[in-house]
Structure formats: structure tokens, C-alpha cells
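# Topology and contacts: notes
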Amino acid sequence: MSLTFAFLLFAQVGPNPALGAPPSVPEELLEQRRRNAERQQEADETQRSRLAECLSLVAESERRGTEFARNWRETAGADDAAQATHCLGFSHIRAGRFGEAQASFATALGEAREDNPAYRARLGGMAGNAALVSGDGASAERYFAGAVEDAQRAADAGLTAGLSVDHARALVALRRPDEAATALNTARTLDPSNTRAWLLSATLARRLDRLVEAQEHIAYAAELSPDDPAIALEAGVIAALSGRMQDARRNFETVLSLAPDGNEAPRARSYLEQLAPPVASSGEEGAQ
């Protein structure tokens, strides 16, 4: 056998069945893998720390946060480019530039690693919410649908439920109520403690004139969060439409008791003015 031929035999890729069990992995290689894993973990922690720093700056000053994010973006490697752009998106949100925020979150989503589906899901949710605020319901629906898929890949039930609620909001905006109801059912099933899922389910059922179903949903929402003025307001509307005026009045008054200066207060006052006066008791005019 020539020397060259013998060398080629030993250089073959794959195990030689005549040699028995393959050799164990060298300890040096195992140690190298451990070091690589540790370095990756340290890099991930550094990225999270830098993102937290950037978001904190944005909260303090939109200008300083934007500058930090852009400088970070210019020097970012492949692994942290998404987080730099993520922070830039938040700076746009703080400045009220929702269209630019949507574009930044979408870019960050495109740069995020496929092996981190939970982070991708959150970025998709951010892009969807920015699109929804901008009035772009079609884009919002696509972002939320993709975000739900990523959350499912991450096997995160709570995240999937929350994003399913957002998906339902986009579907309602697109006048696709049946699909929205399905998304909300998914959210309630995955996370029965998600108050928003029950509240929006009640609102959707009420708009579809399914008042019995709406009452069931809002009653459960009230059990989960009895001090939420938005829930009390919806409960009052459902009660009024169902002909239960005393219950409606009590719920609207609860809104004003819980949050007299809140977003729901003007509607609660308006609804109270529209209701018939309370029934007098023992010769006195009721004021409850």
C-alpha cells in the first residue's frame, strides 16, 4: 500500500465500523464548548444590561435616548443590532412618532435571532401596537399573527395569551369579529387570569348583541379585577342594554368612585345623565 493511499484511508470522514465504538470527545473540546457557552451567556447579559440602560435614558430624555440608540446601532454586532433598534423604536414612541416606531420595531424583528422566539414575539407585538395606533390595522394584524406564532414556538402561554388579545384588537379594527372572538377564546383558555381578555370578550359580545355571553364575561372580569374602572364601565353598559337600570347606575357610580378623574369618568357621567332618575324610596328622592 502506498503512503498516499494509507493516508487517505485514515483521513476518511466517518467512523470505521471495524474500529468499534467511536472515541470519546476530547476533554479540551468539551472545555472549549463550555467556555463558548459562558461567553455567549455573558454577551447576552451585557446586551440586556445595555438595552435596560438605553430604555432608561429614553424614559428620562427622548433626545438622549435616541442618541444613545443610534450610536449603539452604528457599532452593534449581529447579536445586539436588534436591541439597539428596539430601543430606537421606544424613543420614537415617546416622541409620538408611531409610524417610525413601527418601522424600527419591524427592523429589529428582522434582525432578531430565530433561536429566541420569545423576544421575536415581543418585538412583533411592539410593531403591531405601533401600527394599530397609526391606524394601519392590516399591518398590525400581520405583526400580531406572527408574534402569536413566535410565542407559541417559545411555549409561553402567558405571552401567547396577551398577544392573542392584541391580535383580536386588530381583527376588530378590520371588522373581522368572528376571528377576533376566536383569538380571545384562545387567550382566555391559555391564561384564564388575563383580565383584558375577559373585558374585551365582553365588549365584543355586547357589540354583537350577545348580551348573556357579554354578562358572563364581564362578571368574570370583575371577579379578577374588582377595582378596574374600565370593567365597571363596561358592566354598566351591558346592564343598561339588558334593561337592568339599577345595576347600570351602580356600575357607573362605581367608575366615578374608583377614578373620578380617569379616562372612563366622562363616559360614566354621560351615561348617568341619560338614565332615568332613581326610584324614590320612603318619600325621599333616591340619590344612589
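## Comments concerning the pattern of salt bridges
- One pass over the structure, following the stated rule, counts 16 salt bridges.
- Between Arg-64 and Glu-60 there is a salt bridge, with the nearest N and O atoms lying 3.5 Å from each other.
- Owing to a relative accessible area of 39%, Arg-64 belongs among the partly exposed residues under this scheme.
- The residue Asp-115 makes a salt bridge to Arg-113 at a minimum N-O spacing of 3.0 Å.

## Thoughts on the nonpolar core
- One finds Ala-82, Ala-101, Phe-105, Ala-108, Leu-109, Ala-112, Tyr-119, Leu-123, Met-126, Ala-127 and Ala-130 forming the largest nonpolar core, which totals 11 residues.
- Elements that contribute at least two residues to this core include exactly helix H5 (98–111) and helix H6 (117–133).
- Sort the elements by how many residues they give to this core and H6 lands first, with five residues.
- When sequence neighbours within four positions are dropped, the list of residues in contact with Ala-127 reads Gln-102, Phe-105, Ala-106 and Tyr-143.

## Quick word on the layout of surface pockets
- Here the largest pocket defines a volume of roughly 300 Å³.
- Leu-199, Leu-200, Thr-203, Arg-207 and Glu-234 are the residues nearest the centre of the largest pocket, which is lined by 15 residues in total.
- Within the residue set of the lining of the largest pocket, elements represented by two or more residues are helix H8 (157–173), helix H10 (195–207) and helix H12 (229–241).
- A total of six residues in the lining of the largest pocket trace back to one element, the largest contributor, which is H10.
- A class-by-class count of the residues in the lining of the largest pocket yields nine nonpolar, one polar and five charged.

## Remarks on helix H14 (residues 265–274)
- Taken together, the buried positions of H14 are Ala-265, Ala-268 and Leu-272. One side of H14 carries all its buried residues, which in axial view fall inside an arc of 60°. Residues Pro-266, Glu-273 and Gln-274 are exposed on H14 and point more than 90 degrees away from its buried face.
- Buried-residue contacts for H14 involve H12 and helix H13 (245–258).

## Things to note about the confidence of the model for the chain
- Across the chain, the average pLDDT comes to 85, with 79% of residues at or above 70.
- Here residues 1–22 is modelled with pLDDT under 50, and outside its nearest four sequence neighbours on either side it reaches two contacts, counting other chains as well.
- Counting contacts from residues 37–44, a segment whose pLDDT is below 50, to residues more than four positions away or on other chains yields three contacts.

## A few points about the state of the cysteines
- Applying the stated criterion to the full structure yields one disulfide.
- Covalently, Cys-54 is tied to Cys-87 through a disulfide, its sulfur atoms 1.9 Å apart. Between Cys-54 and Cys-87 the sulfur-sulfur dihedral comes to about -95°; the bridge is accordingly left-handed. Of this pair, Cys-54 sits in helix H2 (residues 27–60) while Cys-87 sits in helix H4 (residues 81–94); the two residues are 33 residues apart in sequence, bridging distant segments of the chain. Each of the two residues, Cys-54 as well as Cys-87, counts as buried.

## Notes on unusual backbone geometry
- Phi angles above zero are rare outside glycine, and Arg-175 is one such case at about 60°.
- Note on Arg-175: relative accessible area 76%, which makes it exposed.
- In this structure, Asp-209 is a non-glycine residue whose phi angle is positive, near 65°.
- As for its position among the elements, Asp-209 is in the loop between H10 and helix H11 (211–224).

What counts and what doesn't
- Residues numbered from 1 in each chain as written.
- Predicted model: local features only at pLDDT ≥ 70, side-chain atom pairs only at ≥ 80, totals over all residues.
- Heavy atoms only, no water.
- Salt bridge = Lys/Arg side-chain N within 4 Å of Asp/Glu carboxyl O.
- Buried < 20%, exposed > 50% of the residue type's maximum accessible area, 1.4 Å probe, protein only.
- Core = buried A, V, L, I, M, F, W, Y, C linked by side-chain atoms within 4.5 Å.
- Helix = DSSP H or I, 4+ residues; strand = E, 2+ residues; numbered from the N terminus.
- Contact = heavy atoms within 4.5 Å.
- 1 Å grid on protein atoms, 1.4 Å probe; cavity = no way out; pocket = protein on both sides within 12 Å on 5 of 7 lines; lining within 4 Å.
- Points joined across faces, edges and corners; volume = space filled by probe spheres on them.
- Nonpolar A, V, L, I, M, F, W, Y, C, P; charged D, E, K, R; others polar.
- Arc of directions from axis to C-beta.
- pLDDT = per-residue confidence, 0-100.
- Disulfide = S-S within 2.5 Å.

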